Amino acid sequence: MMACEVIPASRSAEQAAKRVANELGLPLASSYAHAVAPVALVVDTHEVWLQALEKPRPGRVTIDFSSPDMLYRRKSGHNEPLGRAVGVKKDLKPRVFDATAGLGRDAFVLADLGCNVELSEASPVLFFLLTHAKQTALLSAQTKVVDAAQRMTISRGDSAQRSLAGFDVIYLDPMFPDRSKSAAVKKDLATVQALLENDATGEQGAALLDWALSQPVGRVVIKRPAKSPYLGGMKPSHAISGKTVRFDVLVRPNAKGEL
Ligand SMILES: C[S@@+](CC[C@H](N)C(=O)[O-])C[C@H]1O[C@@H](n2cnc3c(N)ncnc32)[C@H](O)[C@@H]1O
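Small disclaimer: the values here were computed from a predicted structure and weren't measured. (Residues numbered from 1 in each chain as written. Predicted model: local features only at pLDDT ≥ 70, side-chain atom pairs only at ≥ 80, totals over all residues. Heavy atoms only, no water.)

Caption draft 1: Region of the structure containing the domain arrangement of the chain. By domain assignment, the chain separates into domain 1 (4-52) and domain 2 (68-251). Of the residues lining the interface, 13 residues belong to domain 1; the matching set on domain 2 comes to nine residues. The junction of domain 1 with domain 2 conceals about 960 Å² of combined surface from both sides, 85% of it contributed by carbon and sulfur atoms. Among the residues of domain 1 in contact with domain 2, Leu-24, Val-48 and Leu-50 are the three that bury the most area, contributing 48% of the side total. For the pair domain 1 and domain 2, the number of links is zero salt bridges. Seen at the junction of domain 1 and domain 2, the total is zero residue pairs in polar contact (both at pLDDT 80 or more). Those elements giving two or more residues to the side of domain 1 that touches domain 2 turn out to be helix 1 (14-24), strand 2 (39-43) and strand 3 (48-52). At four residues, the largest contribution of residues to the side of domain 1 that touches domain 2 is made by strand 3. (Domains from an automatic or database assignment. Contact = heavy atoms within 4.5 Å. Buried area = accessible area lost by both parts, 1.4 Å probe. Salt bridge = Lys/Arg side-chain N within 4 Å of Asp/Glu carboxyl O. Polar contact = N/O pair within 3.5 Å; in protein donor to acceptor, adjacent residues only side chain to side chain. Helix = DSSP H or I, 4+ residues; strand = E, 2+ residues; numbered from the N terminus.)

Structure below.
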(Lines give C-alpha, C1' and ligand atoms only; values in the text may rest on other atoms or scores of the structure.)
Protein backbone atom coordinates (compact mmCIF):
# COMPACT_ATOMS: atom_id res chain seq x y z
CA MET A 1 0.00 0.00 0.00
CA MET A 2 1.19 3.52 -0.81
CA ALA A 3 1.96 5.44 2.39
CA CYS A 4 0.27 8.57 1.06
CA GLU A 5 -2.67 9.62 -1.08
CA VAL A 6 -3.62 13.08 -2.30
CA ILE A 7 -7.05 14.40 -1.30
CA PRO A 8 -8.68 17.68 -2.36
CA ALA A 9 -9.84 19.72 0.64
CA SER A 10 -12.91 20.94 -1.26
CA ARG A 11 -14.50 20.73 -4.68
CA SER A 12 -12.70 23.88 -5.78
CA ALA A 13 -9.37 22.20 -5.06
CA GLU A 14 -10.00 19.08 -7.19
CA GLN A 15 -7.96 20.22 -10.18
CA ALA A 16 -5.08 21.37 -8.00
CA ALA A 17 -5.10 18.03 -6.14
CA LYS A 18 -5.03 16.14 -9.45
CA ARG A 19 -2.02 18.16 -10.59
CA VAL A 20 -0.16 17.51 -7.31
CA ALA A 21 -0.94 13.77 -7.47
CA ASN A 22 0.42 13.64 -11.03
CA GLU A 23 3.51 15.63 -10.12
CA LEU A 24 4.31 13.37 -7.17
CA GLY A 25 3.18 10.10 -8.76
CA LEU A 26 0.71 9.49 -5.91
CA PRO A 27 -2.81 8.07 -6.02
CA LEU A 28 -5.71 10.50 -5.74
CA ALA A 29 -8.65 9.85 -3.40
CA SER A 30 -11.81 11.91 -3.69
CA SER A 31 -12.32 12.29 0.07
CA TYR A 32 -11.18 11.04 3.50
CA ALA A 33 -13.86 8.34 3.32
CA HIS A 34 -12.29 6.89 0.15
CA ALA A 35 -8.67 7.04 1.31
CA VAL A 36 -6.89 3.82 2.28
CA ALA A 37 -3.32 5.06 2.90
CA PRO A 38 -2.21 5.88 6.47
CA VAL A 39 -1.51 9.52 5.56
CA ALA A 40 -3.07 12.00 3.14
CA LEU A 41 -1.54 15.03 1.48
CA VAL A 42 -4.50 17.41 1.53
CA VAL A 43 -4.54 20.08 -1.16
CA ASP A 44 -6.62 23.23 -0.84
CA THR A 45 -6.61 26.21 -3.18
CA HIS A 46 -3.88 28.03 -1.18
CA GLU A 47 -2.77 25.55 1.45
CA VAL A 48 -1.36 22.03 1.64
CA TRP A 49 -0.97 19.79 4.69
CA LEU A 50 -0.47 16.24 5.90
CA GLN A 51 -3.28 14.44 7.65
CA ALA A 52 -2.84 11.07 9.36
CA LEU A 53 -5.98 9.06 8.69
CA GLU A 54 -6.06 6.92 11.81
CA LYS A 55 -9.04 7.34 14.16
CA PRO A 56 -9.41 9.46 16.18
CA ARG A 57 -7.83 11.67 13.57
CA PRO A 58 -4.91 13.73 14.91
CA GLY A 59 -4.44 17.36 13.91
CA ARG A 60 -3.07 18.35 10.53
CA VAL A 61 0.65 18.82 9.98
CA THR A 62 1.56 21.97 8.13
CA ILE A 63 4.85 23.68 7.47
CA ASP A 64 4.32 27.34 8.25
CA PHE A 65 7.41 29.37 8.99
CA SER A 66 5.31 32.34 10.21
CA SER A 67 3.25 30.27 12.66
CA PRO A 68 3.04 31.20 16.37
CA ASP A 69 4.93 27.98 17.07
CA MET A 70 7.90 29.04 14.92
CA LEU A 71 7.74 32.55 16.35
CA TYR A 72 7.98 31.02 19.82
CA ARG A 73 10.98 28.91 18.80
CA ARG A 74 12.67 32.01 17.44
CA LYS A 75 11.98 34.18 20.47
CA SER A 76 12.62 31.66 23.23
CA GLY A 77 15.96 30.23 24.21
CA HIS A 78 15.22 27.00 22.34
CA ASN A 79 17.36 27.98 19.46
CA GLU A 80 20.53 28.74 21.31
CA PRO A 81 21.85 25.18 21.69
CA LEU A 82 21.29 24.52 17.98
CA GLY A 83 23.03 27.76 17.00
CA ARG A 84 25.93 27.06 19.36
CA ALA A 85 26.27 23.50 18.09
CA VAL A 86 26.51 24.71 14.51
CA GLY A 87 28.98 27.45 15.52
CA VAL A 88 26.91 30.59 14.95
CA LYS A 89 28.56 33.70 16.34
CA LYS A 90 27.76 37.37 16.01
CA ASP A 91 30.20 37.72 13.12
CA LEU A 92 30.19 34.12 11.87
CA LYS A 93 27.24 32.51 10.14
CA PRO A 94 28.23 29.05 8.93
CA ARG A 95 26.88 27.68 5.66
CA VAL A 96 24.88 24.62 6.63
CA PHE A 97 23.83 21.57 4.65
CA ASP A 98 20.80 20.09 6.44
CA ALA A 99 20.90 16.50 5.17
CA THR A 100 17.62 15.50 6.84
CA ALA A 101 15.34 18.49 6.28
CA GLY A 102 12.03 16.90 7.38
CA LEU A 103 9.57 19.67 8.28
CA GLY A 104 12.34 22.26 7.97
CA ARG A 105 11.98 23.57 11.51
CA ASP A 106 15.61 23.30 12.56
CA ALA A 107 16.73 24.63 9.17
CA PHE A 108 14.45 27.64 9.52
CA VAL A 109 15.83 28.37 12.99
CA LEU A 110 19.37 28.32 11.54
CA ALA A 111 18.35 30.52 8.61
CA ASP A 112 16.75 32.90 11.09
CA LEU A 113 20.05 33.01 12.98
CA GLY A 114 21.68 34.21 9.74
CA CYS A 115 22.99 30.97 8.22
CA ASN A 116 22.57 30.08 4.57
CA VAL A 117 21.03 26.62 4.67
CA GLU A 118 20.41 24.00 2.01
CA LEU A 119 17.56 21.73 3.05
CA SER A 120 17.94 18.31 1.45
CA GLU A 121 14.97 15.96 1.74
CA ALA A 122 14.52 12.47 0.31
CA SER A 123 10.72 12.34 0.59
CA PRO A 124 9.02 13.88 -2.46
CA VAL A 125 5.96 14.74 -0.33
CA LEU A 126 8.01 16.60 2.29
CA PHE A 127 10.04 18.29 -0.46
CA PHE A 128 6.75 19.50 -1.95
CA LEU A 129 5.54 20.82 1.44
CA LEU A 130 8.89 22.54 2.11
CA THR A 131 8.89 24.22 -1.29
CA HIS A 132 5.32 25.43 -0.74
CA ALA A 133 6.23 26.70 2.75
CA LYS A 134 9.24 28.61 1.45
CA GLN A 135 7.13 30.29 -1.26
CA THR A 136 4.55 31.28 1.35
CA ALA A 137 7.24 32.57 3.72
CA LEU A 138 8.68 34.75 0.95
CA LEU A 139 5.31 36.55 0.86
CA SER A 140 5.12 37.00 4.65
CA ALA A 141 4.43 40.42 6.16
CA GLN A 142 7.24 39.73 8.68
CA THR A 143 10.56 40.89 7.27
CA LYS A 144 12.53 38.44 9.43
CA VAL A 145 10.56 35.53 7.99
CA VAL A 146 11.19 36.73 4.43
CA ASP A 147 14.91 37.22 5.17
CA ALA A 148 15.23 33.71 6.63
CA ALA A 149 13.33 32.15 3.71
CA GLN A 150 15.71 33.88 1.31
CA ARG A 151 18.62 32.11 3.02
CA MET A 152 17.01 28.69 2.43
CA THR A 153 17.54 26.52 -0.65
CA ILE A 154 15.52 23.34 -0.90
CA SER A 155 16.65 20.25 -2.77
CA ARG A 156 15.15 16.84 -3.30
CA GLY A 157 16.97 13.50 -3.15
CA ASP A 158 19.21 11.27 -1.11
CA SER A 159 21.74 13.49 0.66
CA ALA A 160 24.21 10.61 0.80
CA GLN A 161 24.54 10.80 -2.99
CA ARG A 162 25.79 14.39 -2.87
CA SER A 163 29.38 15.61 -3.17
CA LEU A 164 29.37 18.85 -1.22
CA ALA A 165 31.39 21.99 -1.82
CA GLY A 166 31.07 25.37 -0.14
CA PHE A 167 29.53 24.27 3.17
CA ASP A 168 30.96 24.62 6.68
CA VAL A 169 28.60 22.30 8.55
CA ILE A 170 26.52 19.20 7.87
CA TYR A 171 23.50 18.92 10.15
CA LEU A 172 21.89 15.50 10.73
CA ASP A 173 18.61 14.76 12.48
CA PRO A 174 17.76 11.23 11.40
CA MET A 175 14.68 9.47 12.67
CA PHE A 176 15.58 7.23 15.55
CA PRO A 177 13.97 3.90 16.28
CA ASP A 178 12.76 4.56 19.81
CA ARG A 179 11.06 7.85 18.91
CA SER A 180 7.74 6.20 18.07
CA LYS A 181 7.56 4.50 21.46
CA SER A 182 8.26 7.63 23.44
CA ALA A 183 5.41 9.46 25.11
CA ALA A 184 7.19 12.64 24.13
CA VAL A 185 6.80 11.95 20.41
CA LYS A 186 5.19 14.94 18.89
CA LYS A 187 2.09 14.18 16.90
CA ASP A 188 3.52 15.81 13.80
CA LEU A 189 6.61 13.60 13.87
CA ALA A 190 4.37 10.55 14.30
CA THR A 191 2.57 11.60 11.10
CA VAL A 192 5.91 12.05 9.33
CA GLN A 193 6.96 8.61 10.55
CA ALA A 194 3.76 7.09 9.15
CA LEU A 195 4.45 8.86 5.86
CA LEU A 196 7.99 7.54 5.67
CA GLU A 197 7.18 4.07 6.99
CA ASN A 198 9.91 4.70 9.46
CA ASP A 199 13.49 3.56 9.33
CA ALA A 200 13.13 1.12 12.20
CA THR A 201 16.77 0.09 12.47
CA GLY A 202 18.64 3.36 12.69
CA GLU A 203 21.06 2.06 10.04
CA GLN A 204 20.17 4.87 7.65
CA GLY A 205 21.32 7.40 10.23
CA ALA A 206 24.65 5.64 10.68
CA ALA A 207 25.15 5.43 6.90
CA LEU A 208 24.40 9.13 6.62
CA LEU A 209 27.01 9.87 9.27
CA ASP A 210 29.61 7.84 7.30
CA TRP A 211 28.78 9.93 4.25
CA ALA A 212 28.94 13.20 6.23
CA LEU A 213 32.40 12.34 7.54
CA SER A 214 33.61 11.85 3.96
CA GLN A 215 32.62 15.42 3.00
CA PRO A 216 34.84 18.54 3.13
CA VAL A 217 33.17 20.31 6.06
CA GLY A 218 34.69 21.49 9.32
CA ARG A 219 31.87 20.26 11.50
CA VAL A 220 29.15 17.61 11.61
CA VAL A 221 26.31 18.17 14.07
CA ILE A 222 23.93 15.35 15.03
CA LYS A 223 20.65 15.88 16.88
CA ARG A 224 19.84 13.05 19.26
CA PRO A 225 17.33 12.42 22.03
CA ALA A 226 18.97 13.59 25.28
CA LYS A 227 19.76 10.15 26.64
CA SER A 228 20.32 8.12 23.51
CA PRO A 229 23.66 6.54 22.50
CA TYR A 230 25.95 8.25 20.00
CA LEU A 231 24.95 7.76 16.38
CA GLY A 232 27.07 4.96 14.92
CA GLY A 233 28.85 4.73 18.30
CA MET A 234 30.92 7.78 17.27
CA LYS A 235 32.06 9.83 20.28
CA PRO A 236 31.67 13.55 19.52
CA SER A 237 34.25 16.27 20.16
CA HIS A 238 31.67 17.80 22.50
CA ALA A 239 27.94 17.80 23.06
CA ILE A 240 25.42 20.53 23.83
CA SER A 241 22.52 19.22 25.85
CA GLY A 242 19.03 20.63 26.11
CA LYS A 243 16.11 19.31 28.13
CA THR A 244 15.02 16.65 25.66
CA VAL A 245 17.59 16.73 22.89
CA ARG A 246 21.35 16.68 22.60
CA PHE A 247 23.53 18.03 19.81
CA ASP A 248 26.63 15.92 19.27
CA VAL A 249 29.31 18.02 17.58
CA LEU A 250 32.10 16.43 15.59
CA VAL A 251 34.74 19.08 14.88
CA ARG A 252 37.07 18.20 12.04
CA PRO A 253 39.96 20.67 12.01
CA ASN A 254 41.71 19.06 9.04
CA ALA A 255 38.70 19.06 6.79
CA LYS A 256 37.83 22.11 4.68
CA GLY A 257 35.30 24.65 5.90
CA GLU A 258 35.72 27.68 8.11
CA LEU A 259 35.00 25.99 11.43
C1 LIG B 1 13.51 13.56 12.02
S2 LIG B 1 13.19 14.21 10.43
C3 LIG B 1 14.08 15.74 10.49
C4 LIG B 1 13.31 16.82 11.19
C5 LIG B 1 13.91 18.18 10.95
N6 LIG B 1 15.18 18.35 11.64
C7 LIG B 1 12.96 19.30 11.35
O8 LIG B 1 13.39 20.23 12.08
O9 LIG B 1 11.80 19.28 10.92
C10 LIG B 1 14.27 13.26 9.38
C11 LIG B 1 14.07 13.54 7.89
O12 LIG B 1 15.24 13.12 7.20
C13 LIG B 1 14.88 12.63 5.93
N14 LIG B 1 16.00 11.79 5.46
C15 LIG B 1 16.47 10.65 6.03
N16 LIG B 1 17.51 10.17 5.32
C17 LIG B 1 17.71 11.04 4.29
C18 LIG B 1 18.64 11.08 3.21
N19 LIG B 1 19.57 10.15 3.05
N20 LIG B 1 18.58 12.11 2.35
C21 LIG B 1 17.64 13.09 2.49
N22 LIG B 1 16.71 13.08 3.48
C23 LIG B 1 16.74 12.08 4.37
C24 LIG B 1 13.59 11.88 6.19
O25 LIG B 1 12.84 11.74 4.99
C26 LIG B 1 12.92 12.78 7.23
O27 LIG B 1 12.08 13.70 6.60
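Next comes the rest of the write-up.
Caption draft 2: Local environment of the sheet that holds strand 1 (residues 4-8). As summarised here, the arrangement of the three strands in space is 1-2-3, forming an open sheet in which the pairing is mixed. Both edges of this open sheet fall to strand 1 and strand 3, since each of them pairs with a single strand only. For this sheet, the mean angle separating the axes of adjacent strands, direction not counted, is 30°. Note: strand 1 against strand 2, five bridges, orientation parallel. Residue Glu-5 lies in a different strand from strand 2, and its bridge partner there is Ala-40. Running over the sheet, helix 5 (residues 124-138) touches strand 1, strand 2 and strand 3 and is turned about 140° from strand 3. (Pairing = 2+ DSSP bridges. Axes fitted to C-alpha atoms, helices over the stretch in contact; angles between N-to-C directions.)

Caption draft 3: Structural detail: the site of the ligand. Around the ligand there are 20 residues in total, and Asp-106, Glu-121, Asp-158, Ser-159 and Asp-173 lie nearest to it. A distance of 3.3 Å separates a nitrogen atom of the ligand from a polar atom in the backbone of Ala-99. Asp-158 has a polar side-chain atom sitting 2.8 Å from a nitrogen atom of the ligand. The fraction of the free accessible surface of the ligand (610 Å²) that becomes covered by protein chains is 90%. Contributions of two or more residues to the shell around the ligand are made by helix 4 (105-112) and strand 5 (117-121). (Near = heavy atom within 4 Å. Areas by Shrake-Rupley, 256 points an atom, 1.4 Å probe, with all protein chains shown as cover.)

Caption draft 4: Fine view of the pairing of strand 9 (residues 238-241). Sheet topology places strand 9 next to strand 10 (residues 245-251); four bridges connect them, and they run antiparallel. Across the sheet, the residue bridging to Ile-240 is Phe-247, located in strand 10. Hairpin connection between strand 9 and strand 10: a loop of three residues separates the two successive antiparallel strands.

Caption draft 5: Broad picture of the pattern of salt bridges. On inspection of all chains with the given rule, the structure shows eight salt bridges. Ionic pairing is found between Arg-95 and Asp-168, a salt bridge with its closest N-O pair at 2.9 Å. Separated by 73 residues along the polypeptide, Arg-95 in the loop between helix 3 (79-86) and strand 4 (96-98) and Asp-168 in the loop between strand 6 (152-156) and strand 7 (169-172) bring together distant segments of the chain. What makes Arg-95 partly exposed here is its relative accessible area of 33%. (Buried < 20%, exposed > 50% of the residue type's maximum accessible area, 1.4 Å probe, protein only.)

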